[in-house]
Amino acid sequence: MLTQNQLKLEAARKALAFIPDDCIVGVGSGSTVNLFIEELATIKGRLKGAVASSQASADRLKAHHIPVYDLNAVDGVPVYIDGADEINHYLHMIKGGGGALTREKILGTASDQFICIADESKYVDVLGSFPLPVEVVPMARSFVARELVKLGGHPELRDGFITDNGNIILDVHGMKISKPVEMEGILNQIAGVVTNGLFARRRADVLLLARQNGIEEIR
């Protein structure tokens, strides 16, 4: 029986097949993506470089001598590879457990194709068991928290954490999110919210789901 890490590695390896030659690849963040970066290093000779969604991922890429570009400096990103904290059958996701949700959402939306790599534990019927991260401008923390309570959530400040953008994160517990596209829009309308961890309006195009019996490709 494969461990969770072995499953993540299988999904990471499968993602290499989706990367065109001589391209700038978008690279996400998190434990599954860390394994993907190790695999990406094995084909770095056929890449132009990468755009990273977090400083941590950028540092890992640079350690493998993969050129890292600013998104503003590239014409386009053909493919973006990232993990998920939860993903449903419609390929809507919760992301942001690592705190890089805003840059992940920008990069995912700016890319032609979004490939999600995940192990089977992340595949759910309804989003919300994993606390929903919401990135907030610090001065709006209390106001946004009150608004989240009105929506039925139980927000908790992610203690001692500051995003790469200098903001804070409220992790919202207790929400069963049956209409992710609608909820994503509602949350983003709250003044002080930078973005939230629902990736539904820009969902994944392909899910590479690592199961015990192999990789399931879901579109």
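These figures come from a predicted structure and were not determined experimentally. (Residues numbered from 1 in each chain as written. Predicted model: local features only at pLDDT ≥ 70, side-chain atom pairs only at ≥ 80, totals over all residues. Heavy atoms only, no water.)

**Q** So what exactly am I meant to see when it comes to the packing of aromatic side chains here?
**A** What characterises a pair of aromatic rings is the spacing of the ring centres plus the angle enclosed by the ring planes. Applying the stated criterion across every chain, the model contains one aromatic pair. With a centroid separation of 5.0 Å and an interplanar angle of 80°, the aromatic rings of Tyr80 and Phe114 are classed as edge-to-face. Here the residue Tyr80 occupies a position in strand β3 (residues 77-82), and Phe114 occupies one in strand β6 (residues 111-119), the gap between them amounting to 34 residues. One exposure class covers both Tyr80 and Phe114, and it is buried. If you follow Lys105 out to its NZ or CZ, it ends over the ring of Phe199, 5.0 Å from the centre. (Phe/Tyr/Trp six-rings, centres within 6.5 Å; stacked < 30°, edge-to-face > 60°. Helix = DSSP H or I, 4+ residues; strand = E, 2+ residues; numbered from the N terminus. Buried < 20%, exposed > 50% of the residue type's maximum accessible area, 1.4 Å probe, protein only. Lys NZ or Arg CZ within 6 Å of the ring centre and 35° of its normal.)

**Q** Just checking my understanding: could you explain the packing of helix α1 (residues 4-15) against helix α2 (residues 31-40) for this structure?
**A** Orientation of α1 relative to α2, taken along the N-to-C sense of each, is 50°, at an axis distance of 8 Å. Between α1 and α2, the crossing angle belongs to the class labelled oblique. At the point where α1 passes α2, the crossing takes the right-handed sense. Contact with α1, carried on its side by Asn5, Lys8, Leu9, Ala12, Arg13 and Ala15, involves Ser31, Thr32, Leu35, Phe36 and Glu39 of α2 and no other residues of that element. (Axes fitted to C-alpha atoms, helices over the stretch in contact; angles between N-to-C directions. Parallel < 35°, antiparallel > 145°, perpendicular 65-115°, else oblique. Left-handed = near helix turned anticlockwise from the far one by under 90°. Contact = heavy atoms within 4.5 Å.)

**Q** Help me out: how do you make sense of the sheet that holds strand β1 (residues 24-27) in this one?
**A** Backbone hydrogen bonds are what pair the strands of a sheet, in a parallel or an antiparallel way. Taking strand neighbours across the sheet as the criterion, the six strands line up as β2-β1-β3-β6-β12-β13 in an open arrangement whose pairing is mixed. The outermost strands of the open sheet, each flanked by one partner alone, are β2 (49-52) and β13 (214-218). Taken over all neighbouring pairs, the strand axes of this sheet differ in orientation by 25° on average, direction set aside. Sheet topology places β1 next to β2; four bridges connect them, and they run parallel. Opposite Val27, over in β2, you have Ala52 as the bridge partner. (Pairing = 2+ DSSP bridges.)

**Q** Would you mind going over the nonpolar core with me for this structure?
**A** Considering soluble globular proteins, one finds that nonpolar side chains tend to be buried as a cluster. Of all hydrophobic cores here, the largest spans 28 residues; its most connected members are Ile19, Val25, Val27, Phe36 and Leu40. Elements supplying a minimum of two residues to this core: α1, β1, α2, β2, α3 (55-63), β3, β6 and β12 (206-211). Among all residues touching Val27, those that are not within four sequence positions of it are Val33, Phe36, Ile37, Leu40, Ala50, Val51, Ala52, Ser53, Leu61, Tyr80, Ile81 and Leu107. Grouped together as the second largest cluster of nonpolar side chains are 20 residues, Leu148, Val172, Met175 and Ile177 included. (Core = buried A, V, L, I, M, F, W, Y, C linked by side-chain atoms within 4.5 Å.)

Everything listed here is a matter of geometry and, on its own, says nothing about what the molecule does.
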